[in-house]
Amino acid sequence: MNGKRPAARAFSFVSAIVGLFLLITPAVAQIQFPELTGRVVDEANLLSDTKEAEVTEMLRAHESETSNQVVVVTLQSLQDRTIEEYGVELGRHWQIGQEGRNNGVLLLVAPNERAMRIEVGYGLEGILTDAQASVIIQNKMIPAFRSGDRTKGVVEGVREILKVLKAGPQEVVAPPPDDSRFPVPPFVIFFIFIAIIMTLRATSVLPSGRSQHFGGFSSGRSSGFSGGGGFSGGGGSFGGGGSSGSW
């Protein structure tokens, strides 16, 4: 009788974990990404029409010159995700960057969560490094947002991103860490990682041909523009490179 108790307890533990995954699965499946309508997707209405057109032209000219795809998106909600999770998933969903070159960048701003992120495709991680992205956010974007000029923060962020991409790899010093944030224990990160992987598999979010790089994958799309002349992603891949900040 006593010999059966450990097995029963193990079964109960496994059942509880499976139940947790089943609860998480609907939340993953219900994420709604905004439509990729152009190089600027201003869902949160942070930019005037004039400024949106100005940023769009900057990004268009840069892509024409380098083939790098840079997209700005402002969000009404992160839908209970961290901006890091949302950013990498959105980059993959939109497939920003060219297939094979993976040269896409997303600049995300979520004003309701007071969060921002520069999400960098695989192919540009050696140029727009995590440290460089952090410097742009901390030195250019956050001060403007804290002063109430969100438009300036977005525009300055875009300009600095394009400047770094044109200049090529540079050695930079990352700003000091924010000690006010409570560090997440490694075992929590590991558990979340396992839960996300299993739930993504259950909902068929991860394709069977995914890359061995953490969560990354490449799509079959090869062009940055749709047949009708509209803007679209080119099949680029993301693996979580970049930096985040809040104000």
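Heads up: these notes are all about the structure in this document. Nothing here was measured: the structure is a model prediction, and the numbers come from that model.

Reading the values: the criteria
Residues numbered from 1 in each chain as written. Predicted model: local features only at pLDDT ≥ 70, side-chain atom pairs only at ≥ 80, totals over all residues. Heavy atoms only, no water. Helix = DSSP H or I, 4+ residues; strand = E, 2+ residues; numbered from the N terminus. Buried < 20%, exposed > 50% of the residue type's maximum accessible area, 1.4 Å probe, protein only. Contact = heavy atoms within 4.5 Å. Expected span 1.5 Å × (residues − 1). Arc of directions from axis to C-beta. Patch = residues over 30% accessible without salt bridge, like charges linked within 9 Å, V, L, I, M, F, W, Y side chains within 5 Å. Areas by Shrake-Rupley, 256 points an atom, 1.4 Å probe, with all protein chains shown as cover. Salt bridge = Lys/Arg side-chain N within 4 Å of Asp/Glu carboxyl O.

What follows deals with the environment of G97. Following the sequence through the fold, G97 ends up in the loop between α3 (83-94) and β3 (104-110). Since its relative accessible area comes to 0%, G97 is described here as buried. Separated by 136 residues in sequence, G97 and G233 place their C-alpha atoms 6.1 Å apart. Setting aside residues no more than four positions away along its own chain, G97 makes contact with Q69, N103, G104, G233, G234, G235 and G236.

The next point concerns helix α2 (residues 49-66). Given 3.6 residues to a turn, an α-helix orients residues that are three or four positions apart in the same direction. The terminal C-alpha atoms of α2 lie 26 Å apart, and with 18 residues this matches the ideal 26 Å at 1.5 Å per residue to within 8%. Every buried residue of α2 is accounted for by V55, L59, H62 and E63. Each buried residue of α2 lies within a common arc of 100° when the element is viewed along its axis, so the set occupies one face. Seen from the buried face of α2, the exposed residues on the opposite side, beyond 90 degrees, are D49, T50, S64 and E65. Where α2 is buried, its residues meet β1 (40-42), β2 (69-74) and α5 (150-167). A positive backbone phi angle near 75° is found at S67, which sits one or two residues after α2.

A grouping of F193, I194 and M198 is seen on the molecular surface, where their side chains present a nonpolar patch of about 230 Å² in accessible area. Locating I194 in the fold gives a position in helix α6 (residues 186-202).

On to the pattern of salt bridges, then. Pairing of side chains with opposite charge becomes possible as their charged atoms draw close. For the coordinates displayed, the defined rule picks out nine salt bridges. K166 serves as the salt-bridge partner of E65, at 3.9 Å between the closest nitrogen and oxygen. Of this pair, E65 sits in helix α2 while K166 sits in helix α5, placing them 101 residues apart in sequence. By relative accessible area, E65 is classed as exposed at 58%. Its salt-bridge partner being E89, residue R81 comes within 2.3 Å of it at the nearest N-O pair.

This part covers unusual backbone geometry. Note on backbone geometry: most residues besides glycine have negative phi, and most peptide bonds are trans. If you check the backbone angles, Q79 has positive phi at about 55° while not being a glycine. Its place among the elements puts Q79 in the loop between β2 and α3. We classify Q79 as partly exposed; its relative accessible area is 29%. Although it is not a glycine, R114 sits at a positive phi angle of roughly 55°. Along the polypeptide, R114 turns up in the loop between β3 and β4 (115-121).

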